[in-house]
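Report on the structure
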Amino acid sequence: QVQLVESGGGLVQAGGSLRLSCAASGRTFSSYAMGWFRQAPGKEREFVAAITRSGATTSYADSVKGRFTISRDNAKNTVYLQMNSLKPEDTAVYYCAADPVWGPLRVSGTPRYWGQGTQVTVSS
């Protein structure tokens, strides 16, 4: 089992940047593919980005491609989401997620483990 704790959310003006972090418990962090999802008020949760266990492969939603970057540091048990050129429509609660298998993160959106979420608000 893995526990996930997000940090780094906050209020930022449009065009600004934030970096989210997700710290994972346990000694098997490198055994999990990791991802970020978000949920805006009144909307369904949606996929944002994912990264494979080694970090060699990443995947992004079209809405964030070219603006967001997912990365991981397996020595620190941490995954990051660097968010640049933020827009008001990026406002949401951002959730970190983990699964031993890539499919639930990138395909079905049903990863096994979730963090508690961190609020990101982008003002216009």
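It should be emphasised that the depicted structure is a prediction, and the values quoted were computed from it without experimental measurement. (Residues numbered from 1 in each chain as written. Predicted model: local features only at pLDDT ≥ 70, side-chain atom pairs only at ≥ 80, totals over all residues. Heavy atoms only, no water.)

1. Notes on the state of the cysteines
Rules: By convention in this document, the label disulfide applies to cysteine sulfur atom pairs within 2.5 Å. Strands are runs of DSSP state E lasting at least 2 residues, helices are runs of H or I lasting at least 4, and numbering of each runs from the N terminus.
As enumerated under the stated definition, the model contains 1 disulfide in all. The partner cysteine of Cys22 in its disulfide is Cys96, sulfur to sulfur 2.1 Å. Taking the sign of the S-S torsion, about -80° here, the bridge from Cys22 to Cys96 comes out left-handed. With a gap of 74 residues between them, Cys22 in strand β3 (residues 18–24) and Cys96 in strand β9 (residues 92–99) connect regions that are remote in the sequence.

2. Examining the packing of aromatic side chains
What counts, and what does not: Between the rings of Phe, Tyr and Trp (Trp by its six-membered ring), a pair exists once the centres lie within 6.5 Å; its type follows the angle of the planes, with under 30 degrees stacked, over 60 edge-to-face, and the other angles tilted. Residue burial is assigned from relative accessible area. The probe radius is 1.4 Å, only protein chains are included, and a residue is buried under 20% of its type maximum, exposed over 50%, and partly exposed in between.
Applying the stated rule across the entire model yields 4 aromatic pairs. Between Tyr95 and Trp114, the aromatic rings sit 6.4 Å apart at their centres with planes inclined by 85°, giving edge-to-face as the arrangement. Taken together, the residues Tyr95 in strand β9 and Trp114 in strand β10 (residues 113–114) connect sequence positions 19 residues apart. You can call Tyr95 buried: its relative accessible area is 17%.

3. Points about the sheet that holds β3
Remark on secondary structure: sheet strands pair via backbone hydrogen bonds, oriented parallel or antiparallel. What counts is decided by this rule: Note on pairing: two strands pair once DSSP finds at least 2 bridges between them. In this analysis, axes come from line fits to C-alpha atoms, helices being fitted only over the stretch in contact, and the angle between any two N-to-C directions falls in the range 0 to 180 degrees.
With antiparallel pairing, 4 strands are arranged side by side in an open sheet as β1-β3-β8-β7. Edge positions in the sheet fall to β1 (4–7) and β7 (68–73), since each has one partner strand and no second. Going across the sheet, the axis of each strand differs from the next one's by a mean of 15°, ignoring polarity.

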